[in-house]
Amino acid sequence: MQRIMLFLGTNLAIIVVLGVFINVILPAFGVQLGNTGFYLVLAFAFGMGGSFISLMLSKWMAKRATGAQVIEKPRNAEEQWLMETVARLAKQANIGMPEVAVFPAPEANAFATGASKNNSLVAVSVGLMRTMNRDEAEAVLAHEISHIANGDMVTMALVQGVLNTFVIFFARIVAQIINNAIARGNDNGQGLGFFSYFAVVMVMEMVFGVLASIIAMWFSRQREYRADAGSASLVGAPKMIAALERLKTGQDSQLDGQLIAFGIKGKRKELFASHPSLDDRIAALRQAA
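Treat the numbers as computed from the prediction; the structure is a model and nothing was measured. In this convention, every chain numbers its residues from 1, walking through the sequence in written order. Under the rules for a predicted model, residues below a pLDDT of 70 receive no local features and side-chain atom pairs below 80 are neither given nor counted, while totals for whole chains, interfaces and linings still include all residues. Hydrogens and water are ignored here; the side-chain numbers use all heavy atoms of the structure.

Asks: Residue-level account of the pattern of salt bridges, with values.
Replies: Between Lys or Arg on one side and Asp or Glu on the other, a salt bridge is scored when a side-chain nitrogen of the former is within 4 Å of a carboxyl oxygen of the latter. Scanning all chains against the criterion turns up 14 salt bridges. Among the ionic pairs, Glu224 bridges to Arg223, the shortest N-O distance being 3.3 Å. Relative accessible area decides the class of each residue, using a 1.4 Å probe on protein chains only: under 20% of the type maximum gives buried, over 50% gives exposed, and in between gives partly exposed. For Glu224, a relative accessible area of 0% gives the class buried. Look at the salt bridges and you will find they share partners, linking Arg88, Asp135, Glu138 and Lys239 into a network.

Asks: Provide a residue-level description of the packing of helix 6 (residues 134-149) against helix 9 (residues 237-248), including the pertinent values.
Replies: Convention adopted: a line fitted to C-alpha atoms gives each axis, helices being fitted over their contacting stretch, and angles between N-to-C directions are expressed from 0 to 180 degrees. Under the DSSP-based scheme used, a helix requires at least four consecutive residues in state H or I and a strand at least two consecutive residues in state E, with every element numbered from the N terminus. Viewed as axis vectors pointing N to C, helix 6 and helix 9 meet at an angle of 100°, and their least axial separation amounts to 8 Å. Considered as vectors, helix 6 and helix 9 are oriented roughly perpendicular to each other. Contacts from Asp135, Glu136, Glu138, Ala139, Val140 and His143 in helix 6 reach Lys239, Met240, Ala242, Ala243 and Arg246 in helix 9. Under the scheme applied here, ten amino acids are nonpolar (Ala, Val, Leu, Ile, Met, Phe, Trp, Tyr, Cys and Pro), four are charged (Asp, Glu, Lys and Arg), and all others, including Gly, are polar. Looking at the contact of helix 6 with helix 9 residue by residue, the classes come out as 5 nonpolar, 1 polar and 5 charged. For this classification, under 35 degrees means roughly parallel, over 145 means roughly antiparallel, 65 to 115 means roughly perpendicular, and everything else is oblique. Contacts are residue-level and defined by heavy atoms, with any inter-residue pair within 4.5 Å sufficient.

Asks: Explain the environment of Asn76 to me, and be specific about the residues and the numbers.
Replies: Inspection of the secondary structure puts Asn76 in the loop between strand 1 (69-70) and helix 4 (77-92). Of note is the side chain of Asn76, whose polar atom sits 2.8 Å from the backbone nitrogen of Glu79. Under this definition, polar contacts are N or O atom pairs within 3.5 Å; protein pairs additionally need one hydrogen-donor-capable and one acceptor-capable atom, and for neighbouring residues in sequence, both atoms have to be side-chain atoms.

Asks: Describe the nonpolar core, listing the residues and the values that go with them.
Replies: Among buried residues, the Ala, Val, Leu, Ile, Met, Phe, Trp, Tyr and Cys ones that are joined through side-chain atoms within 4.5 Å form a nonpolar core. Of all hydrophobic cores here, the largest spans 47 residues; its most connected members are Leu82, Val124, Leu128, Leu141 and Ile145. Counting residues per element, this core draws most heavily on helix 6, at 8 residues. Non-local contacts of Leu141, meaning those with residues more than four positions away in its chain, are made with Trp81, Leu82, Thr85, Val86, Leu89, Val122 and Val124.

Asks: I'd like a rundown of the sheet that holds strand 2 (residues 99-103), residues and numbers included.
Replies: Backbone hydrogen bonds are what pair the strands of a sheet, in a parallel or an antiparallel way. Here we have 4 strands laid out as an open sheet, ordered 1-2-4-3, and mixed in their pairing. In this open sheet, the two edge strands, each paired with only one partner strand, are strand 1 and strand 3 (110-116). In terms of strand pairing, strand 1 meets strand 2 through 2 bridges, oriented antiparallel. Considered in strand 2, the bridge of Val70 is made with Ala101. Against the sheet, helix 3 (residues 58-66) engages strand 1, strand 2, strand 3 and strand 4 (119-125), with an angle of about 150° to strand 3. One bridge is not enough; two strands pair if DSSP finds at least two bridges between them.

Rendered as structure tokens:
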């Protein structure tokens, strides 16, 4: 709750400062942008609202997207080990017992999601259970438990909400600036038409959205290092290093959308990578050890 209040407070403070800048300072220099108050409210409502709705529905959406089946009662020794290991790691990390699920995917992968530390889901792929030994699988589970214990799902939702707010807000501000410039250049004082205005807004949302994605993915990469370190703390660095080495021999992640950021392994590179390279993660663990 403290983290949520801090991010909400920061977001509101930024919006207030922007409001003062656009409605007070810019007009003092003869720059008029119209009803920015409406844009601010719209951006905040849709930016933060959409992010939190996604967070609240994250477990349900993850199960639907991956076909994950929650283990209600272990049916074999593997599922029994999986439940016991997650329960032990959750207790070590001082979080509530997550739901545990298995999803049908050939690659070795796992993810964590959920609205809070005590309302979460840890899911592993069939491929992970088949290709990793128990020490390696334990390290992967500890990595996902660390994501939950660190509050990464909430933090990512808040970061994305702030970024969404700015994307929505600045797209409309730029469109308004263009509209005003065209209106001043026309003898009849007319600016962009209705459809032209919203076409500009959509283009600017795509442009700012790309920039926002770069920021979000940078944050996601830092979060992966912390989860790796959390796994090393729970089960030992050698196990986590061995798990990452095993992942180097497998195929890229097949997870989509937001789940990519919460999987053990990513699939993108450079600015838009949700995960650092496996070599960089291994190097960080070895340096810390």
